[in-house]
Every structure is written in C-alpha cells, then in structure tokens.
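Read off the chains here:
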Amino acid sequence: MSYGIMTAEELLEVLKVSRKSLHRLREMEGFPAPARVGNIVRYDGDAVMRWFMSQKKDSNSISRHNISGEVVMAGKNNDGEYVFIDNASNQIQSEYAQILAKALTGVTGGVVSHMYVAYNNDAAPTADAFDVSDGVEYFVNLTGSKDFIKVPVIVLPSKTEDSSRFQVIVGNSVGYRGLVFNESSWVYCIALVAETASDDVTRDKIFARLNWTPPRQKTADQLSIDWTIKFTE
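Now for a quick tour of the structure. None of these values were measured; they are calculated from a predicted model. (Residues numbered from 1 in each chain as written. Predicted model: local features only at pLDDT ≥ 70, side-chain atom pairs only at ≥ 80, totals over all residues. Heavy atoms only, no water.)

1. Comments concerning the nonpolar core
Move 1: Judged by nonpolar contacts, the single largest core of 31 residues is most densely connected at Ile190, Leu192, Phe207 and Trp227.
Move 2: Taken together, the elements giving at least two residues each to this core come down to β4 (67-76), α4 (96-105), β7 (112-120), β8 (146-152), β10 (163-170), β13 (186-194), β14 (205-217) and β15 (223-231).
Move 3: Setting aside residues up to four positions removed in sequence, Ile190 forms contacts with Val71, Tyr116, Val117, Ala208, Arg209, Leu210, Trp212, Ile225 and Trp227. (Core = buried A, V, L, I, M, F, W, Y, C linked by side-chain atoms within 4.5 Å. Buried < 20%, exposed > 50% of the residue type's maximum accessible area, 1.4 Å probe, protein only. Helix = DSSP H or I, 4+ residues; strand = E, 2+ residues; numbered from the N terminus. Contact = heavy atoms within 4.5 Å.)

Structure (structure tokens):
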C-alpha cells in the first residue's frame, strides 16, 4: 500500500497522534525530514510509515497470506487530546481463516466485533508467549492479578480499499474476572476478536493478537487503540 505525499493533517489521521506528538516524533533520530512547498509542509508518507513501524520491532510482526496489521495506542491528556504512546505490528492468528470463511457466506461470527485488552494490576508483567494457534482460552483462563476487558470496536473509515480499521476507547472498567481496570493497570496484550455468540465468550474467535513490549501503564483517563488490518496481493 502506498501513502504518497501527505500534508500534516493527513499524516496525523494515519498515525493517530496529536500535533504535539508529531512534533516530538520529528525530533527523533531517523524521522524522514518533511519538505516545504510554499507555506505547506509535505511528508513522504511511505518513508514516514516505514520509519514509524521500524520503531517497534518484535515477535508480534507475523502476517499470514498477505494479511498484516498495525496498532497505535494513544492516551487522552488533560487538554482532551490523544497523545501517542506506542505502536506495534500484530500476529495474525490461525482462526482468521474461520472468520473470513464465515464473512463470505454471511454466517454469524464473520465480523470483527470486539477487542480484548489484557492487563495486570500488580506490576508491569512479562507478557506470556503465544503462537498462531492460541485462541480465547488464554484470556478466559487468566489467574491472579491478570484480567481482560472485552470492548466493542468502532469501525473507522480506511485510507484505502484494501484495509480495515478498528478502534476502541477504553476508560476505567471491570474485567471478565471482576478485576478493576484503572490507572494502576498495565496493558500487556490485546486481541482483535469476532464474536460468535453474545452469551458465550468462550466461543469468540481471535483474528489477530499482539503483546506490548514493554507493557504500558494506563496512566491516562482514556486509552485509544487504533488497529488497521491490511490486505495485499
């Protein structure tokens, strides 16, 4: 997918960051320098996105059959702006095939409907290793100070016809096991989910998943998680 030459406003929309965050990113080593055309600053969108994703290299970055995903986390500050926290590439899970098969025939469970946000309330946890075959069982079997919340996604307009974009806004809440999710919680794992039965979470299917390395503390009143899934030839 090509982003082409972009204005600052277009870049802010793609990266899901505030102007203050973009200014900080521009000061980081290796950030592609913009060009000024008259009074307008232009960015090489492809170069910026390559640099942006290179800042988060980890084992999550596994695509399957030309399907990949990118995630941006932001936190709401005292001025009401969402400020960039972190970005990562996801791993596409094996159950993605079941979800897409249902989508082609309109069967229930063929729509990405929720995100899981897993957290620990004791301290910054070491994320548990996982492979492409792992499903919902990991989340429903969490113990100790770990829990997760299941949040309905907002479907956002995509920049291209070959991508899908999902977002959740997460405030203080209570998890599946009854543990509070608040400013003392550490987010260490998230997943993109298709619900197959509204009354049975154990039947959910995991489309994609990633571990935050390192985990991120929920220091903001609200977190924004913006997840883009890309399909390429």
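Resuming the write-up.
2. Let's talk about helix α1 (residues 8-15)
Move 1: Inspection of α1 places Ala8, Leu11, Leu12, Val14 and Leu15 among the buried residues, and these make up the whole buried set. Projected down its long axis, α1 carries its buried residues within an arc of 165°, all on one side. (Arc of directions from axis to C-beta.)

3. A look at the pattern of salt bridges
When their charged atoms lie close together, side chains carrying opposite charge are able to pair.
Move 1: This model, assessed by the stated rule, comprises eight salt bridges.
Move 2: With a closest N to O distance of 3.1 Å, Glu70 and Lys230 form a salt bridge. Separated by 160 residues along the polypeptide, Glu70 in strand β4 and Lys230 in strand β15 bring together distant segments of the chain.
Move 3: In this structure, Glu183 engages Lys218 in a salt bridge whose closest nitrogen and oxygen atoms are separated by 3.6 Å. Separated by 35 residues along the polypeptide, Glu183 in the loop between β12 (180-181) and β13 and Lys218 in the loop between β14 and β15 bring together distant segments of the chain.
Move 4: On the basis of relative accessible area, Glu183 is assigned to the partly exposed category, the value being 30%.
Move 5: Each of Glu13, Arg165 and Asp226 takes part in a single network of salt bridges with overlapping partners. (Salt bridge = Lys/Arg side-chain N within 4 Å of Asp/Glu carboxyl O.)

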